[in-house]
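One-letter residues, chain by chain:
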Amino acid sequence: MSHAAHPAPRSLAEALRARDDVSLAALLRSRPDLITPVPTDLTQLATRAGTRASVLRALERLDRFALQTAEALAVAPDPASYDTLLGLMAGDAGDGAVAGPLPRALATLREQALVWGDDERLRLVRTARELLAPAPQHPSPTGLGPSVQEAAAGMSPGRIQEIVTAAGLPSTHDSVSALAALTALFADRKKMAELLAGAPAPAREVLSRLVWGPPYGQVTADPAAHLRWLLDRGLLLPATPGTVVLPREVALHLREGRAHRAAEPLPPAVEPAATHGPQVVDATAAGQAYTALATVEELLKDWDEGGPAVLRAGGLSVRDLKRTAVALDVSEPVAAFWVELAYAAGLIASDGEADERYAATPAYDEWLERPAAERWAQLAQAWLAATRTPGLVGGRDAKERALAALGPGLDRSAAPEVRHRVLTLLAGLPAGAAPDAESVLARLRWERPLRGAQRDAPLGGEEDLRIRLARWTLAEAEMLGITGRGALSEHGRTLLGARDTASAPAGAPEPSGPGDKLPVHHHQRPAAGPAPLSPAEQAVAAAAAGRLLAPLLPEPLDHVLLQADLTAVAPGPLQRPLAEVLDVLADVESKGGATVYRFTPASVRRALDAGRSAADLHAFLAQHSRTPVPQPLAYLVDDVARKHGHLRVGAASAYVRCDDDTLLNEILADRRTVALRLRRLAPTVLAAQTDPATLLEGLRAMGYAPAAESAEGDVLIARAHARRTPPRTAPEPVPDGPPTPDATLLAAAIRAIRAGDLAATAPRKPAGAGAPLAGGELPRTSSAETLATMQAAVLTGGSLWIGYVNAEGTASQRVIAPVRVEGGFVTAYDHTADEVRTYPLHRITGVAELAEG
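As the structure is a prediction and not an experimental result, all values here were calculated from the model.

Peer 1: Honestly, the pattern of salt bridges in this entry has me stumped. Any pointers?
Peer 2: Side chains that carry opposite charge are capable of pairing whenever their charged atoms lie near each other. Considering all chains together, one arrives at 36 salt bridges under this definition. Here Arg110 makes a salt bridge to Asp119, at a shortest N to O gap of 2.8 Å. The shortest N-O distance in the salt bridge between Asp232 and Arg228 comes to 3.8 Å. In this pair, Asp232 and Arg228 both sit in helix 15 (residues 225-232), four residues apart, roughly one turn of the helix.

The following block contains the structure:
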């Protein structure tokens, strides 16, 4: 743990400057916001690492033990030694379970640039200390209050001397030394035990109620005797009128030196709730996967000729979501999941018309042509990466507006990370083991205790979004067929890219990488496990998962069983051409392991409207039925076909024509046609003052079977699958902060930062009349001096330090070696960029020579 080989850094910038490139890369990889944009030098990097937003983001990435370590440093003296930190974490008795993992937690804080300094002078970044240290507005997560020095800051010197005397200490000449003596007394375990031994029993009870926090209590203007005893000896100090606080040093004595009631150095284990055979799990998951495909197809089929209208504010109305749930025979939250999944996969979108509606996209037709396993892989991949969160549908946003399916406000950037982590925890269990859900949630709480907290809320005020995301993940993975009976399937494990983790014991720490052998300030694997796959890697993993799933999916059938009661039973999934025709020819009556279709006059007429003839339907039924075609069904087809198209409806506004004038007389005499306002134009033609669609529906409601015709007199064939949106891309996930930089970007960023730091810290000759240039200050020289110094450097081959302002007005400092000066430009080798560049002389603020060596 010792860092004695290196001089103690005096600032975070110096601590960063002492790091090697591997350690800097680890910092930038774990905190990518630090290189957006790339800092000009290490001083700017340190400044950015200490901003509130960046520190908050880094704290949210800590596991519970690393966070507890940071909280302990926030209530320790600044700076604190490692031994002081160990005492706060392990207590006076020295808990070995805490002492072992503490160096690793401290290494994590160092790597994240939240802590700097050697083991004798550990310093928590100032912003982190402000966030985690006790304050009346947001008490410390440790439950500790302010120190004696902080709590007594506003007390009068006379009152401080009274407290010192009552505590049995000699009076002093000033308040500073008096408070120091009182602090030393409270930190002395033996003397404090002697002092508290004389405390009244009610006073000790008061201390026991405050010791683990909150440390504040109410008192009256005339406190009871036991409270007066505590106040007189400084064991309670006034905070505000009517409020007292337990000083930190007193609480630590009562806690036996521990900053936390219970340190949690190890993550809780994920416990299996049940164990099934791996084959059973895979078969169950495959059945769920096939049901998922069928559900999405049914949803899209229901919206195929134009789905629900888009609300003015975006999304589905509550009524349309209910209709969709009824059509899919699921609950509304489940319907919202399937709708959002199809949207995330790019299968549905709004059509963009003036009367905007949802409809299938052209990608849906391409998706339908793929094998079932590939279609499932596309859905699963979209689900893993989506930031849209269907579980929020029906809730309210921060402005109390209802959140609608497909509407705005459903993106949660943490969703992909939570899904990946939950499935990774499942992959860590033995094959076939279904986890106890609460143990999964407990593990997630340990790994990211602040991740679900609202950014504007005090640290430690946990909000349950991350836990709700985990619950939804477990349910959605089951519906999608990634898990079966709660256990991760083999194709689910492959989808995750985690086939090699099944043998890892549940709850065990993540495998250590080579970084664990580096010094503690170098990179170490985070407790939350491996990062999610990149989009390209995820596509490869999804394809591999689909290949594993394919043999488990049921083979589509090419036949049905026709029944005498005008029904057909499909004993399994049907081949697509058969299913498409049967969906037009019959209505689905029930679903399940076998689907029951019912033939009705309306359904047969629908098939005739789609261009099928009676002969086509008879041939189709005979070809695809394993049982003889029942006579009632044959009669039904012939009877509907005999009447179909006898009447013709066209546009007048609308007209009806028929070769049988007796039938037209019958229609005119029917009272139900009054609303259609029909009149005879010729013996075989009736005109109507309604549109053709209304006239068609009206006549069909009366029991007739009219057919629509074109302006040329040809029968119009009503074809399904006609409405599609223009080409649409799937919604892009909302990023959770800046993306993690790749190796190329990291190398370039570190090189630029190192070069900029070299320019910023290079020793320079005194400016002007011997006055040294301040650090970070750009050199200022006249144009003539700049030109003369540049020309001299060209002759001598020396290097110069310049200030430069680019076209956007951004100022920077650089170290250059001038090669040529002409035409108002200087061509030089730029040590900062490690390349030859040309600079306009008018953009150079000044120039200074570098010091010798």
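Peer 1: Honestly, the nonpolar core in this entry has me stumped. Any pointers?
Peer 2: A general feature of soluble globular proteins is that nonpolar side chains tend to end up buried together. Leu59, Leu73, Phe186, Leu235 and Leu236 are the most contacted members of the largest nonpolar core, which totals 94 residues. When residues of this core are assigned to their parent elements, the largest contribution, eight residues, is made by helix 5 (residues 64-75). Among all residues touching Leu236, those that are not within four sequence positions of it are Val206, Leu210, Leu227, Leu230, Leu231, Val244, Val245, Leu246 and Pro247. Counting 70 residues, the second largest nonpolar core, distinct from the first, contains Val339, Ala427, Val440 and Leu469.

Peer 1: I tried to follow helix 11 (residues 157-166) on my own but got confused; where do I start?
Peer 2: One full turn of an α-helix is made of 3.6 residues, so residues set three or four places apart face in the same direction. Residues of helix 11 that are buried: Ile160, Gln161, Ile163 and Val164. Buried residues along helix 11 cover an arc of 160° about the axis, so they all sit on one side. Where helix 11 is buried, its residues meet helix 12 (175-187), helix 15 and strand 4 (237-240). One or two steps after helix 11, the chain reaches Gly168, where phi turns positive at roughly 90°.

Peer 1: Where do I start with the sheet that holds strand 21 (residues 800-805) in this structure?
Peer 2: Picture the strands of a sheet paired through backbone hydrogen bonds; they go either parallel or antiparallel. One open sheet holds the five strands; their spatial order is 24-23-22-21-25, and the pairing between them is antiparallel. Every other strand in the sheet has two partners, leaving strand 24 (835-840) and strand 25 (844-849) as the edge strands with one partner each. The mean inter-strand angle of the sheet, taken between neighbouring strand axes irrespective of direction, is 45°. Relative to strand 22 (residues 811-822), strand 21 runs antiparallel, the two sharing six bridges. The residue bridging Val805 from the neighbouring strand is Ala811, located in strand 22. Helix 33 (residues 743-761) rests against strand 21 and strand 22 of the sheet, and its axis sits at about 85° to strand 22. Those strands touched by helix 34 (residues 783-796) are strand 21, strand 22, strand 23 (825-830) and strand 25, and its axis lies near 60° from that of strand 22.

Peer 1: Would you explain the sheet that holds strand 12 (residues 561-562) in this entry?
Peer 2: Strand order across the open sheet formed by four strands is 12-13-15-14, with antiparallel pairing between neighbours. Taken across any chain shown, the strands that pair with only one partner, and hence form the sheet edges, are strand 12 and strand 14 (587-590). Here three bridges tie strand 14 to strand 15 (residues 595-598), and the two strands are oriented antiparallel to one another. From the neighbouring strand, Asp587 faces strand 15, where its bridge partner is Arg598.

Reading the values: the criteria
Here the residue numbering is sequential within each chain, running from 1 through the sequence in written order. The model is predicted, so local features are restricted to residues of pLDDT at least 70 and side-chain atom pairs to those at 80 or more, both for listing and for counting; the totals for chains, interfaces and linings are taken over all residues. Working from all heavy atoms in the structure, the side-chain values ignore hydrogens and water. A pairing counts as a salt bridge when a side-chain nitrogen of Lys or Arg comes within 4 Å of a carboxyl oxygen of Asp or Glu. A run of H or I in DSSP becomes a helix once it reaches four residues, and a run of E becomes a strand once it reaches two; helices and strands are each numbered from the N terminus. Buried Ala, Val, Leu, Ile, Met, Phe, Trp, Tyr and Cys residues form a nonpolar core when they are joined through side-chain atoms within 4.5 Å. When accessible area is computed with a 1.4 Å probe and restricted to protein chains, residues below 20% of their type maximum are described as buried, those above 50% as exposed, and intermediate ones as partly exposed. Only heavy atoms matter for contacts: two residues are in contact if any of them lie within 4.5 Å across the pair. The directions from the helix axis to the C-beta atoms form the arc being described. A strand pair is defined by DSSP finding two or more bridges across the two strands. To get an axis, a line is fitted to the C-alpha atoms, and for a helix only the part in contact is used. The angle between two axes follows their N-to-C directions and goes from 0 to 180 degrees.

Distances and angles like these do not, on their own, reveal function.
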